[in-house]
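Geometric and topological summary
Here's the letter readout for the chains.
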Amino acid sequence: MKTVLQLTLAVIIAIGYLVGLVGCGKEMIGEKPVLRVGIIASLSGPGQSWGEATLSCARAMAAYHNERGGILIDGQKVPIEFVIKDDALEPGRAVEAAYLLAEDNLRYVIGPLGDDAIVAAAPVLDAAGILFIHYGFQPEVISSSSLGILGMPIAEQSMPVLFDYLASEKSVQTLAILARDVEEAIYQKGIAQSLAESVGIEVQRFSKFDVSEETLPPNKTREQLAERAALITAASPEALLLVGFPPSEFSSIVIQLRETGFEGIIATQNAQDIDMLQKIGPDANRLYFVGGTLPLDQRSDYYLDLRRRYLEMTGYWSDEVDTKFYALELIFQSVQKVGLAALEQTSEFYQIFDEAEFEDPFFKDERTFTLTGETSFGANRQICIPILISEFSEGEPHAVIISKLPD
């Protein structure tokens, strides 16, 4: 962590120097303006499926609009172009990507994903005056002085909904918690314990002597995984919460738990990869996660077109899509409200984010979405979308609860 912080400070100083040199020129294709958007996504490593969903959502939306000449800004069609960086779910690489995008004079970024990456990269993006939509659970990066927008519910918002459902609908009385052995996941483990206990669920400890046995390192060995699974199965909680695990690691843990004989509910506050869960087979039944898909009969023609494009692009559906579509849509509508000047600078967005409602184009019936967070975080810097809890059963996810995102 010390290395990442040192690198962040060095990058901030460098960006200040670079901004003084290059200024903020309008982005052009020949004589035509273009909206350039950076994407920091995990396109390799354990978070690859998350990163691919982020990128594919953006590409599907850009293709739709670019086929029509681009998005309409001040009466002029402006095409969309991406600059893509892979951070492999590593904070140091996220910082490097943020630096490169700032040096390239981008004003809009989607990403990064993951608490460590966001905490490390946010100062760099803020120093460069970049509007960025990120995905993580750390409230500390949400500030009225930042143009960072949280694109998803945080654990403190989603876990009470999950735990209330497990307690009231599934009669869960005992819960064990296994966290990925990284700082942000261990922090979330403590929050999860308090929230579970607040709805009357007893949190069972399964470690023999050392609390580290209730974590699993990212570079786990088969022996470590088998040992943790055996401890959990022996403790026999009615449910297990897995905290901070990306899809590839989550799937391997589920398989090991079932092989060890654990038959209880497995839950997580992270969105998961449906294709990976389907490959697990019947052992993936009784999984609950935050995220999901709303009924298609509620969706607009625009959404259905984007869904078709996404499926043609990837070959499978991700339950993260319904969240990730909002990132680029927020950028589009924000730029349209400011006008062509937004291609050069982002300072006018501070006022917009405190006042504006945005059209929600993904639904058949007319509706809007806003930014929320004034009460929770002291600034409206979170996209207000519903909290969905889904159950995975019979090879498919099923949304079992939809809850309004609290302010």
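Residues numbered from 1 in each chain as written. Predicted model: local features only at pLDDT ≥ 70, side-chain atom pairs only at ≥ 80, totals over all residues. Heavy atoms only, no water.

1. A few points about the overall build of the chain
Across its full length, the chain holds 13 helices and 20 strands. Here the C-alpha atoms of the chain give a radius of gyration of 21 Å, agreeing with the 22 Å that 2.2 N^0.38 yields for 407 residues. Taken over the C-alpha atoms alone, the chain extends approximately 65 × 50 × 40 Å along its principal axes. Surface accessibility of the chain: about 16400 Å² in total, with carbon and sulfur atoms responsible for 49%. Looking at the chain, you have 31 positive and 58 negative side-chain charges, and the mean spots of the two groups are 4 Å apart. (Helix = DSSP H or I, 4+ residues; strand = E, 2+ residues; numbered from the N terminus. Rg over C-alpha atoms; globule rule 2.2 N^0.38 Å. Areas by Shrake-Rupley, 256 points an atom, 1.4 Å probe, with all protein chains shown as cover. Lys, Arg positive; Asp, Glu negative; His and termini not counted. Charge placed at Lys NZ, Arg CZ, Asp CG, Glu CD.)

2. Observations regarding the nonpolar core
Nonpolar side chains in soluble globular proteins tend to be buried together. Core analysis: the biggest nonpolar cluster contains 111 residues, and Leu35, Leu241, Ile331 and Phe349 have the highest contact counts within it. Among the elements that take part in this core, helix α11 (residues 321-338) stands out by supplying ten residues, more than any other. When near neighbours in sequence (up to four residues on either side) are disregarded, Ile331 contacts Leu35, Val37, Tyr108, Ile110, Leu131 and Ile133. Leu277, Ile280, Ala284 and Phe392 belong to the second-largest nonpolar core, a separate cluster that totals 24 residues. (Core = buried A, V, L, I, M, F, W, Y, C linked by side-chain atoms within 4.5 Å. Buried < 20%, exposed > 50% of the residue type's maximum accessible area, 1.4 Å probe, protein only. Contact = heavy atoms within 4.5 Å.)

3. Some thoughts on the packing of aromatic side chains
Following the criterion strictly, the structure yields twelve aromatic pairs and no others. Aromatic side chains Tyr303 and Phe362 sit 6.4 Å apart centroid to centroid with 70° between the ring planes, which places their arrangement in the edge-to-face category. Of the two residues, Tyr303 sits in helix α10 (residues 301-314) while Phe362 sits in the loop between β16 (357-359) and β17 (368-372), which places them 59 residues apart along the sequence. Every member of this aromatic cluster is reached through a ring pair, and the members are Tyr64, Tyr302, Tyr303, Phe325, Tyr326, Phe358, Phe362 and Phe369. (Phe/Tyr/Trp six-rings, centres within 6.5 Å; stacked < 30°, edge-to-face > 60°.)

4. Notes on helix α2 (residues 48-66)
Between its terminal C-alpha atoms α2 stretches 26 Å, which fits the 27 Å expected from 19 residues at 1.5 Å a residue. Most of α2 is tucked away: 14 of the 19 residues are buried. (Expected span 1.5 Å × (residues − 1).)

5. As for the side chain of Lys189
Inspection of the secondary structure assignment puts Lys189 in helix α6 (residues 183-198). By relative accessible area, which is 10% here, Lys189 ends up buried. If we skip the residues at most four places from it in the chain, Lys189 touches Ile177, Ala179, Arg205, Glu214 and Val243.

6. Considering helix α7 (residues 222-235)
With 14 residues, α7 extends 20 Å between its outermost C-alpha atoms, agreeing within 8% with the 20 Å of an ideal straight helix rising 1.5 Å per residue. All buried positions along α7 are accounted for by Leu225, Arg228, Ala229, Leu231 and Ile232. Mapping the buried residues of α7 onto a view down its axis gives an arc of 160°, with all of them on the same face. Facing away from the buried side of α7 by over 90 degrees, the exposed positions are Arg222, Glu223 and Ala234. In this structure, the buried residues of α7 make contact with β10 (174-180), β12 (215-216), β13 (239-243) and α8 (247-260). Positive phi shows up at Ser236, right after α7, with a value of about 55°. (Arc of directions from axis to C-beta.)

7. Details of the confidence of the model for the chain
Averaged over the chain, the pLDDT score is 87; the fraction of residues at 70 or greater is 91%. Scored below 50 in pLDDT, residues 1-26 shows 34 contacts in the model against residues more than four places distant or in partner chains. (pLDDT = per-residue confidence, 0-100.)

8. Notes on the environment of Ile401
By the element assignment, Ile401 lies in strand β20 (residues 396-403). Linking Ile401 and Gln278, residues 123 residues apart in sequence, is a C-alpha distance of 21 Å. Setting aside residues no more than four positions away along its own chain, Ile401 makes contact with Val161, Ile387, Leu388 and Ile389.

9. Notes on the pattern of salt bridges
Summed over the entire model, instances satisfying the criterion amount to 15 salt bridges. Lys189 serves as the salt-bridge partner of Glu214, at 2.9 Å between the closest nitrogen and oxygen. In this pair, Glu214 sits in the loop between β11 (202-203) and β12 while Lys189 sits in helix α6, placing the two residues 25 residues apart along the sequence. Taken as a pair, Glu214 and Lys189 share a single burial class, namely buried. In this structure, Asp305 and Arg309 form a salt bridge, with 2.5 Å as the shortest nitrogen-oxygen distance. Placement of the pair is Asp305 and Arg309 together in helix α10, with a separation of four residues, close to one helical turn. The buried category is assigned to Arg309, whose relative accessible area is 10%. Linked through salt bridges whose partners overlap, the residues forming this network are Glu67, Asp305, Arg308, Arg309 and Glu312. (Salt bridge = Lys/Arg side-chain N within 4 Å of Asp/Glu carboxyl O.)

10. Some thoughts on the side chain of Ser42
Following the sequence through the fold, Ser42 ends up in the loop between β3 (35-41) and α2. Of note is the side chain of Ser42, whose polar atom sits 2.8 Å from the side chain of Asp87. A polar atom in the side chain of Ser42 sits 3.1 Å from the backbone nitrogen of Leu89. Those residues within four positions of Ser42 in sequence are excluded, and the remaining contacts are Gly47, Gln48, Gly51, Glu52, Asp86, Asp87, Ala88 and Leu89. (Polar contact = N/O pair within 3.5 Å; in protein donor to acceptor, adjacent residues only side chain to side chain.)

11. Regarding the packing of α10 against α11
One way to put it is that α10 packs onto α11 with a least axis distance of 12 Å and a crossing angle of 110°. Regarding the angle of α10 to α11, the classification is roughly perpendicular. On the side of α10, the interface is formed by Tyr302, Tyr303, Leu306 and Tyr310, while α11 contributes Val321, Asp322, Phe325 and Glu329. Of the residues assigned to the contact of α10 with α11, the class counts are six nonpolar, no polar and two charged. (Axes fitted to C-alpha atoms, helices over the stretch in contact; angles between N-to-C directions. Parallel < 35°, antiparallel > 145°, perpendicular 65-115°, else oblique. Nonpolar A, V, L, I, M, F, W, Y, C, P; charged D, E, K, R; others polar.)

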